[in-house]
Amino acid sequence: MSSRGSWLTTSRTAAVLLPVVGLIAAIGLWWAATVVFTIEPFLLPSPLDVVETFLEQPGYLLKETGVSLLETMGGFLLAIVVGVPIALLIVRSAVLERLVYPLLLGVNAIPKIAIAPLLVVWMGFGMFPKVVMVLLVCFFPIVISTATGMKSTPVELVELLRSLNASRSQEYFKLRLTYAMPQIFTGLKVAISLAVIGSVIAEFVGAQAGLGYVISSSGQSADTALAFAAITLLSIMSIILFYGLVLLEQKLLPWAQETR
Amino acid sequence: MIRLDGVGQVFEGRGGRVQALDGIDLHVRQNEFVTLIGRSGCGKSTLLRLIAGLLPPTYGGVEVAGEPVTGPRRDVSFMFQRPALLPWRSVISNVMLPVEISGGDSERSKSQYRDRAHELLDLVGLKGFERRLPHELSGGMQQRVSLCRSLIRSPKVMLMDEPFSALDALTRTELSAELQRIQMELATTIVFVTHSIEEAVVLADRVAVLTPRPGRLREIVEIDIPRPRSLGQNAHLADVAQISGHLHGLLAERPHDQVDVPEARR
Ligand SMILES: Nc1ncnc2c1ncn2[C@@H]1O[C@H](COP(=O)(O)OP(=O)(O)OP(=O)(O)O)[C@@H](O)[C@H]1O
Ligand SMILES: [Mg+2]
């Protein structure tokens, strides 16, 4: 390509440096805005206020982060455990697909915030309804991406396995599922971000722990800086989980990087 | 080795009935190399899939090695136009796939097959590439891997559906020379579909010409040019050209004005 900006697009250092520069610039703007416009801290706290708030009670905030993380991961893993077999069944049988698909679409169409109170009624105030909420939020993209990926297996590969007298389960596990892995990972990356959102939504309603609970209770005491600290922690968690998946994908699917 | 008696294939599709093949009688002897030519859509791939047991014929009988074909057989291998390699498997484990999927013969152990795989890769000039992934190879190299895979269980019958059509002329020449050598060495029976008349003539003991709608065998032409033959430089250019001309005439015929060209026939 052109030589212009080549260091910025190719170097590894730049790859790490550029997002950091972007982040620092954004935080700088935020800080400048609070100073220049002298915004009240309870409306928009400055970055320094937020850091201060965090440093006042790091143990507490990290503990709540741990709760949210646990719910997020629990629901996410459960969604994989439930979603992938459902996708397998959908791909396997057209009848089942017609039977289940509208149901899945319907469940996915429900605004999840609307059922958060119901989950509390059914399952109480503990962690379980939160995990279920995360599961509900993120299993749809997992099912869709897995099913689409398996269906997009090239016919010549399917025909090859058939010509080798492969059993149905060999066709699905040795070929289709592996072939779908890059697409499954795309679905997982969508799902993990949704999972974080799902856990927060669930914690808004009937929770005694978690970052969502911290945010909703700080709203009642107008402790905006605390809410911002919790939001920042959520974002960091979300980003780390996302890049965790990216790294896992690179490690597990070296063959998929080059065939794009 | 392969016997087709009055075979016909009808597809009932959304667009209605398609009579893909009708009244095919073909007997391929052991160690014979038969090439199959015909216009696009005249049923060549369908014919191969019938022999491979991937598709049951609508009517008529298909036999391989004296037994009616009921499904894919271990001693029959199929090679496609595209390499059809699993992208996450290394070259060597792609070659080993057939053994892994449905096992080998009982008298050969897995490690013997592995040695055989190395031998085959060596034979087609891919020594040192065993651990590579398919995307690291060129299209021609991938097709060679595919060839090795179809040879790994020493099949009695090889069915090849335009295996070299995506390759450049030089690679194609090399691989078809390779294929002839392998065939002579292993006494394999081969049915080979191609769009290239010259390739059909150079490789074959007999060329079967299929005419479309419905697919029928128009003629089977014996090629008695001595082997080894080669595409490109060739001591029998005149013979090849003459037969090619005849075949070309057969393919260009419309179903209505079928006239024989006896002076060109051998
Ligand atoms: N599964 C199928 N369902 C319906 N029709 C089919 C099916 N497979 C093949 N056909 C039809 O049968 C006819 C022969 O197809 P086939 O693939 O055997 O042709 P071919 O000679 O291999 O063509 P090409 O040279 O283009 O590969 C075509 O008219 C095709 O539309
Ligand atoms: Mg074809």
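Everything here concerns the structure above.
Analysis parameters
- Residues numbered from 1 in each chain as written.
- Chains lettered and ligands numbered in written order.
- Predicted model: local features only at pLDDT ≥ 70, side-chain atom pairs only at ≥ 80, totals over all residues.
- Heavy atoms only, no water.
- Helix = DSSP H or I, 4+ residues; strand = E, 2+ residues; numbered from the N terminus.
- Buried < 20%, exposed > 50% of the residue type's maximum accessible area, 1.4 Å probe, protein only.
- Contact = heavy atoms within 4.5 Å.
- 1 Å grid on protein atoms, 1.4 Å probe; cavity = no way out; pocket = protein on both sides within 12 Å on 5 of 7 lines; lining within 4 Å.
- Points joined across faces, edges and corners; volume = space filled by probe spheres on them.
- Nonpolar A, V, L, I, M, F, W, Y, C, P; charged D, E, K, R; others polar.
- Near = heavy atom within 4 Å.
- Polar contact = N/O pair within 3.5 Å; in protein donor to acceptor, adjacent residues only side chain to side chain.
- Areas by Shrake-Rupley, 256 points an atom, 1.4 Å probe, with all protein chains shown as cover.
- Axes fitted to C-alpha atoms, helices over the stretch in contact; angles between N-to-C directions.
- Parallel < 35°, antiparallel > 145°, perpendicular 65-115°, else oblique.
- Left-handed = near helix turned anticlockwise from the far one by under 90°.
- Buried area = accessible area lost by both parts, 1.4 Å probe.
- Salt bridge = Lys/Arg side-chain N within 4 Å of Asp/Glu carboxyl O.

Q: Report on the environment of B:Leu147, specifying residues and quantitative values.
A: All names here are of chain B. Position of leucine 147 relative to the elements: it lies in helix 5 (residues 139-151). Look at leucine 147 and you get buried, because its relative accessible area is 0%. The spatial distance from the C-alpha of leucine 147 to the C-alpha of leucine 179 is 8.8 Å, given a sequence separation of 32 residues. When near neighbours in sequence (up to four residues on either side) are disregarded, leucine 147 contacts Met79, Val124, Met158, Met160, Leu175 and Leu179.

Q: How would you sum up empty space enclosed by the protein? Please name residues and give values.
A: Applying the stated criterion across every chain yields a total of two cavities of 30 Å³ or more. Of the voids in this model, the largest cavity is the one considered here, and its volume is about 140 Å³. Lining the largest cavity are 16 residues, and of these A:Leu164, B:Ser77, B:Phe78, B:Arg149 and B:Ser150 sit closest to its centre. Every element with two or more residues in the lining of the largest cavity is listed here: helix 8 (155-163) of chain A together with strand 6 (76-79) and helix 5 of chain B. Its residues assigned to classes, the lining of the largest cavity comprises nine nonpolar, four polar and three charged. If you go around the second largest cavity, the residues you meet are B:Glu162, B:Pro163, B:Phe164, B:Ser165, B:Arg172, B:Thr194, B:His195, B:Ser196 and B:Glu199.

Q: Lay out the site of ligand 1 with the relevant residues and their values.
A: Residues and elements named next belong to chain B. In the vicinity of ligand 1 lie 13 residues, with Ser40, Gly41, Lys44, Ser45 and Thr46 positioned nearest. Contact distances for ligand 1 include 2.8 Å between an oxygen atom and a backbone N or O atom of glycine 41. With the chains in place, 63% of the 630 Å² that ligand 1 exposes on its own is no longer accessible. At the level of elements, strand 2 (16-28) and helix 1 (44-52) are the ones that each hand at least two residues to the shell around ligand 1.

Q: Explain the packing of helix 10 (residues 211-220) of chain A against helix 11 (residues 224-252) of chain A to me, and be specific about the residues and the numbers.
A: Helix packing geometry: the angle between the two helix axes and the distance between the axes. All names here are of chain A. With their axes 8 Å apart at the nearest point, helix 10 and helix 11 run at an angle of 160° to one another. Judged by the inter-axis angle, helix 10 sits roughly antiparallel to helix 11. By crossing handedness, the relation of helix 10 to helix 11 is classed as left-handed. For the pair helix 10 and helix 11, the contacting residues are Leu211, Val214, Ile215 and Ser218 in the first and Leu226, Ala227, Ala230, Ile231, Leu233 and Leu234 in the second. Of the residues in the contact of helix 10 with helix 11, the class split is nine nonpolar, one polar and no charged.

Q: Let's hear about unusual backbone geometry: which residues, and what values?
A: Here the residue pair B:Arg213 and B:Pro214 is connected by a cis peptide bond, since its omega of -10° sits within 30 degrees of zero. Positive phi, normally seen in glycine, also occurs at A:Asn165, with a value near 60°. Examined against the element boundaries, A:Asn165 turns out to sit in the loop between helix 8 and helix 9 (168-204). A positive phi angle, close to 55°, is found at A:Ala222, a residue other than glycine. Topologically, A:Ala222 is positioned in the loop between helix 10 and helix 11. Since its relative accessible area comes to 48%, A:Ala222 is described here as partly exposed.

Q: Lay out the interface of chain B and chain A in plain terms, naming residues and giving numbers.
A: Listed as interface residues are 21 residues of chain B and, on the opposing side, 18 residues of chain A. A per-residue breakdown of the area chain B buries against chain A is headed by B:Trp88, B:Ile101 and B:His135, which together make up 33% of the total. A salt bridge links A:Glu159 to B:Arg49; the nearest nitrogen and oxygen atoms lie 3.1 Å apart. At the boundary of chain B and chain A, one finds six residue pairs in polar contact (both at pLDDT 80 or more).

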